[in-house]
Amino acid sequence: MVIERYGKVPLRLKEMATPEISECEVLAEIHAASINPIDFKIRDGKVKLLVKYKMPLILGNDFSGVVAKVGSKVTRFKVGDEIYARPRKSKIGTFPEYIAVHENDIALKPKNLSFEEAASIPLVGLTSYQALTDILQL
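Here the structure is a predicted model, which is why all the values come from computation and not from measurement.

**A look at the environment of Gly-125**
Structurally, the position occupied by Gly-125 is in helix α3 (residues 122-135). Using a relative accessible area of 33% as the deciding quantity, one classes Gly-125 as partly exposed. When the C-alpha positions of Gly-125 and Ile-58 are compared, they lie 22 Å apart, and in sequence the two are 67 residues distant.

**What to know about a nonpolar patch on the surface**
Together, Leu-132, Ile-135, Leu-136 and Leu-138 give the surface a local cluster of nonpolar side chains, amounting to about 470 Å² of exposed area. Its location among the elements puts Leu-138 in the segment after α3. According to the relative accessible area criterion, Leu-138 is exposed, its value standing at 73%.

**Looking at helix α1 (residues 37-44)**
Residues Asp-39, Ile-42, Arg-43 and Asp-44 constitute the buried set of α1. Tucked inside the fold, the buried residues of α1 contact β1 (2-3) and β3 (57-58). Note on α1: the residue one or two positions beyond its end, Gly-45, has a positive phi of about 85 degrees.

Parameters and conventions
- Residues numbered from 1 in each chain as written.
- Predicted model: local features only at pLDDT ≥ 70, side-chain atom pairs only at ≥ 80, totals over all residues.
- Heavy atoms only, no water.
- Helix = DSSP H or I, 4+ residues; strand = E, 2+ residues; numbered from the N terminus.
- Buried < 20%, exposed > 50% of the residue type's maximum accessible area, 1.4 Å probe, protein only.
- Patch = residues over 30% accessible without salt bridge, like charges linked within 9 Å, V, L, I, M, F, W, Y side chains within 5 Å.
- Areas by Shrake-Rupley, 256 points an atom, 1.4 Å probe, with all protein chains shown as cover.
- Salt bridge = Lys/Arg side-chain N within 4 Å of Asp/Glu carboxyl O.
- Contact = heavy atoms within 4.5 Å.

Given below as structure tokens:
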């Protein structure tokens, strides 16, 4: 699902090429992705002064899935690993079938969570952590 321009325009289904990975990235087959308020803010252009995105833009900030391919310098993951992640701001795009993501941005999916449950954690978890540590200094 992509947007071609900023604004309250609908997402559009578009065929995109499977991303290429760098030596420190994995190619993940996405099984579930969550929708967050930031996705609407990005779509509406409310963060374009902070982060510049190239169009067409695939939205989505967290996902869970399975490692389909690993870069030559990836050491912590292998093909078949079940993972979840919040890709860095410059590499968002968790609404397609596949995503290239740096190995430092992913973690093994807890076995007791479904893909849907795991996909709902990364951004919300990061936001909660930042509120508790950065703002409340706990």
